[in-house]
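Coordinates in review
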Amino acid sequence: LHVDDDRGLAEATAAYLEQHDERFEVDTATSASDGIDRLAQTEYDCVVSDYDMPRQNGIEFLQAVRDDHPDLPFILYTGKGSEAVASEAISSGVTDYLQKATGTGQYELLANRISNAVGQHRAKRRAELSHQAMDTANEGLSLVRADGTFSYVNPAFAGLFEYDPGELVGEHWMVLYHNEEAERLE
């Protein structure tokens, strides 16, 4: 979803992004309120928003988006940027900040930023779903780092040894076994 009060610029940006990468499908909105309405009706992978818009600026829009979509990638793409705006955007939870420039190079950079933000969001979501699945598994599961310490322990695994999962994370796996058994397992 691209939100910009300049309809022509929004449409040009959408056209370039869709031509640049066939995976992109861009909807445009010309106000923050229109953007909120679209987010209520449609699921989007990312929001790109201008900063300087009437009635509600890009950061106010970001804050409204975060109310219902706390993890949705949000890129502030503005022509009226400054260090103060960038700082406020970052402290408000923007995923990325990009200042508009002239030429088609800006669109390629925007496309890359969108791809990276969506890719990171999806990877994080997959990891969360994997941990949720492991947390609820009846079988004991653990993840061990190369140095032999636990990076993850599910409740079933910790329960086998009468520990809480948090007590084992960061500990070496050998802490759970007697010397002879640890040698055999190693």
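Residues numbered from 1 in each chain as written. Predicted model: local features only at pLDDT ≥ 70, side-chain atom pairs only at ≥ 80, totals over all residues. Heavy atoms only, no water.

1. Here we look at the pairing of strand β7 (residues 150-153)
Relative to β7, strand β6 (residues 142-144) runs antiparallel, the two sharing 3 bridges. Within β7, the position partnered with L143 by the bridge is Y152. Remark: 5 residues form the turn of the hairpin made by β6 and β7, two consecutive strands paired antiparallel; G148 in that turn has positive phi of roughly 90°. (Pairing = 2+ DSSP bridges. Helix = DSSP H or I, 4+ residues; strand = E, 2+ residues; numbered from the N terminus.)

2. Some thoughts on the pattern of salt bridges
One pass over the full model with this rule turns up 8 salt bridges. A salt bridge links R23 to D21; its shortest N-O distance comes to 2.6 Å. Between R184 and E181 there is a salt bridge, with its nearest N and O atoms 2.8 Å apart. One end of the pair is R184 and the other is E181, both in helix α8 (residues 179-185) and 3 residues apart, which spans about a single turn. Here the salt bridges share partners, and the residues they tie into one network are D4, D50 and K100. (Salt bridge = Lys/Arg side-chain N within 4 Å of Asp/Glu carboxyl O.)

3. Details of helix α5 (residues 105-136)
The first and last C-alpha atoms of α5 sit 47 Å apart over 32 residues, in line with the 46 Å expected at 1.5 Å per residue. Of all the positions in α5, only Q106, Y107, L110, A111, I114, A117, V118 and M134 are classed as buried. Looking at the buried positions of α5, the neighbouring elements they touch are α1 (7-20), β3 (47-49), β4 (74-78), β5 (96-99), β6 and β7. (Expected span 1.5 Å × (residues − 1). Buried < 20%, exposed > 50% of the residue type's maximum accessible area, 1.4 Å probe, protein only. Contact = heavy atoms within 4.5 Å.)

4. Concerning the environment of V175
Of note, V175 is situated in the loop between α7 (165-168) and α8. Classification of V175 as partly exposed rests on a relative accessible area of 43%. Residues V175 and T149, spaced 26 residues apart in sequence, show a C-alpha to C-alpha distance of 9.6 Å.

5. Side note on the packing of aromatic side chains
In the structure shown here, the tally under the stated rule is 6 aromatic pairs. Through a chain of ring-to-ring contacts, the aromatic side chains of F150, F157, F161, W173 and Y177 assemble into a single cluster. (Phe/Tyr/Trp six-rings, centres within 6.5 Å; stacked < 30°, edge-to-face > 60°.)

6. Considering the environment of A111
Structurally, A111 is set in helix α5. With relative accessibility at 1%, the residue A111 sits in the buried group. Taking C-alpha positions, A111 is 50 Å from E162, a pair spaced 51 residues apart along the chain. Among all residues touching A111, those that are not within four sequence positions of it are L17, H20 and F24.

7. Observations concerning the layout of surface pockets
Vacant regions in the atomic arrangement are exposed by a probe of water-molecule size rolled over the atoms. Reported here for the largest pocket is a volume of approximately 460 Å³. R23, F24, E25, D45 and I114 are the residues nearest the centre of the largest pocket, which is lined by 19 residues in total. Taken together, the residues of the lining of the largest pocket break down into 9 nonpolar, 4 polar and 6 charged. As for the second largest pocket, its lining consists of 13 residues, and the residues nearest its centre are E43, Y44, H69, L72 and H121. Here the residues of the lining of the second largest pocket are counted per class, giving 5 nonpolar, 3 polar and 5 charged. (1 Å grid on protein atoms, 1.4 Å probe; cavity = no way out; pocket = protein on both sides within 12 Å on 5 of 7 lines; lining within 4 Å. Points joined across faces, edges and corners; volume = space filled by probe spheres on them. Nonpolar A, V, L, I, M, F, W, Y, C, P; charged D, E, K, R; others polar.)

8. Thoughts on the packing of helix α2 (residues 32-41) against helix α3 (residues 58-68)
Two quantities define a packed helix pair, namely the angle between the helix axes and the distance between the axes. At a closest axis distance of 10 Å, the pairing of α2 and α3 adopts a crossing angle of 20°. Relative to α3, the element α2 lies roughly parallel. Regarding α2 and α3, the two cross each other, and that crossing is right-handed. Residue-level inspection shows A32, G35, I36 and L39 of α2 in contact with α3, the latter providing F61, A64 and V65. Of the residues assigned to the contact of α2 with α3, the class counts are 6 nonpolar, 1 polar and no charged. (Axes fitted to C-alpha atoms, helices over the stretch in contact; angles between N-to-C directions. Parallel < 35°, antiparallel > 145°, perpendicular 65-115°, else oblique. Left-handed = near helix turned anticlockwise from the far one by under 90°.)

9. Brief notes about the packing of α1 against α5
Interaxial distance between α1 and α5 falls to 10 Å at its minimum, and their mutual angle equals 70°. As summarised for this structure, α1 and α5 are arranged roughly perpendicular, according to the angle between their axes. In this structure, the crossing between α1 and α5 has a hand that is right-handed. Where α1 approaches α5, its residues L9, A12, T13, Y16, L17 and H20 are matched on the opposing element by Y107, E108, L110, A111 and I114. For the contact of α1 with α5, the residue count by class is 8 nonpolar, 2 polar and 1 charged.

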